[in-house]
Amino acid sequence: MNVSRSNYRVFSANSSSGCTELPTKITERLGVELGRSVVYQESNSETKVEVKESVRGQDVFIIQTIPRDVNTAVMELLVMAYALKSSCAKNIIGVIPYFPYSKQCKMRKRGSIVCKLLASMLAKAGEAEIIKFDIFCRLRLFSFCLFSCFRAQSYAERLRLGLVVMHGEGQHSESDMADGRHSPPLSRTTAGHTGLELPLMMPKEKPPITVVGDVGGRIAIIVDDIIDDVEDFVAAAERLKERGAYKIYIMATHGLLSAEAPRLIEESAIDEVVVTNTVPHEVQKLQCPKIKTVDVSLILAEAIRRIHNGESMSYLFRNIAVDD
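This structure is a prediction, so every number in the text was calculated from the model and none was measured. (Residues numbered from 1 in each chain as written. Predicted model: local features only at pLDDT ≥ 70, side-chain atom pairs only at ≥ 80, totals over all residues. Heavy atoms only, no water.)

A. Spotlight on the overall build of the protein. A tally of helices and strands in the protein yields 10 helices and 14 strands. Looking at the 324 residues of the protein, the share that counts as buried comes to 42%. Pairs at least 24 apart in sequence give 68% of the contacts found in the protein among residues at least 6 apart. For the protein, the exposed surface amounts to about 17300 Å²; the carbon and sulfur share of it is 54%. (Helix = DSSP H or I, 4+ residues; strand = E, 2+ residues; numbered from the N terminus. Buried < 20%, exposed > 50% of the residue type's maximum accessible area, 1.4 Å probe, protein only. Contact = heavy atoms within 4.5 Å. Areas by Shrake-Rupley, 256 points an atom, 1.4 Å probe, with all protein chains shown as cover.)

B. Region of the structure containing the pattern of salt bridges. Counted under the stated rule, the structure contains 15 salt bridges. Between Glu260 and Arg263 there is a salt bridge, and its shortest N-O distance comes to 2.7 Å. The class for Glu260 is partly exposed, based on a relative accessible area of 43%. Salt bridges sharing partners connect three or more residues here, namely Glu302, Arg305, Arg306 and Glu311. (Salt bridge = Lys/Arg side-chain N within 4 Å of Asp/Glu carboxyl O.)

C. Representation of a nonpolar patch on the surface in the model. Residues Tyr155, Leu159 and Leu161 make up a contiguous nonpolar surface patch of roughly 300 Å² in combined accessible area. Within the secondary structure layout, Leu161 lies in the loop between helix H4 (149–159) and strand E7 (165–167). (Patch = residues over 30% accessible without salt bridge, like charges linked within 9 Å, V, L, I, M, F, W, Y side chains within 5 Å.)

D. Structural detail: helix H2 (residues 70–86). Along its 17 residues, H2 runs 24 Å from first to last C-alpha, staying within 8% of the 24 Å computed at 1.5 Å per residue. All of the buried residues along H2 are Ala73, Val74, Glu76, Leu77, Leu78, Met80, Ala81, Ala83 and Leu84. After H2 finishes, the residue Cys88 shows a positive phi value of roughly 70°. (Expected span 1.5 Å × (residues − 1).)

Structural data, given as structure tokens:
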């Protein structure tokens with residue numbers, strides 16, 4: 001990959017050795033070395049960052065892949081950015097393939113938009129821009145292919161395939177946390193009328209998952225940006241299998257695959273789960289051979305090169321070819 005100007009540095013902000021694979025692949029494609037730095041936790045669990053080379057007046061890219069310990073990774077990123085800012089870096093750009101707290105991107109009752117808070121903290125620490133792979137924009141209407149109807153329609157059009165829509169909810173929908181359907185009052189007594197009880201409010205029943213479209217004898221591809229808890233995917237796959245789907249594939253950008261996800265996938269009707277290497281998941285792959293990985297280092301490396309050289313980013317999405 002041709003880099004026309006060399007006055008920039010690429011650092012990794014991870015203290016975990018298991019998170020170095022993607023940064024290493026990106027720098028190899030760029031033809032540069034990772035910046036020299038040390039990131040570690042002191043005995044009192046505070047994060048310490050030491051930058052071992054000059055970055056004065058240079059563009060600096062910080063690659064941060066997010067391991068299981070999300071909060072430590074966030075703190076490492078913040079401290080690294082501030083250390084580079086204090087070292088007089090010209091521009092600091094965060095390369096965060098999976099942006100942590102992406103699920104908390106909208107207000108829920110008395111909650112908060114934590115994703116916005118994190119972005120503000122990164123800006124305050126010195127980061128001028130953030131490169132993120134496939135920004136989170138889930139529509140929880142259970143449209144199929146799976147949760148985002150717009151994303152599924154885009155894939156279907158590019159692949160020249162038909163679009164199937166599923167209506168209903170999985171077993172662990174986000175709406176469960178918001179509308180209190182599983183916590184009705186046990187009983188209510190009218191004020192001033194002792195012993196007079198009103199009828200109990202029964203929780204709303206979740207509608208069954210229904211398929212709109214023909215999947216008989218066909219390969220079904222479910223797409224989403226994140227696959228973490230997999231109960232919804234498993235339920236959808238079972239419904240598709242009942243309707244005669246030949247094979248069922250899950251395709252997601254970020255494979256978090258928490259808790260019992262590998263076991264549930266292995267025991268389900270899902271034939272294969274394809275995710276990218278934005279999040280380390282080697283342990284999950286050992287537990288479930290159905291999980292496959294696509295390398296995105298080429299796209300991220302090209303994004304870094306284009307931002308540094310002031311070139312168009314839209315050209316990247318229209319023309320880059322994933323050759324591996």
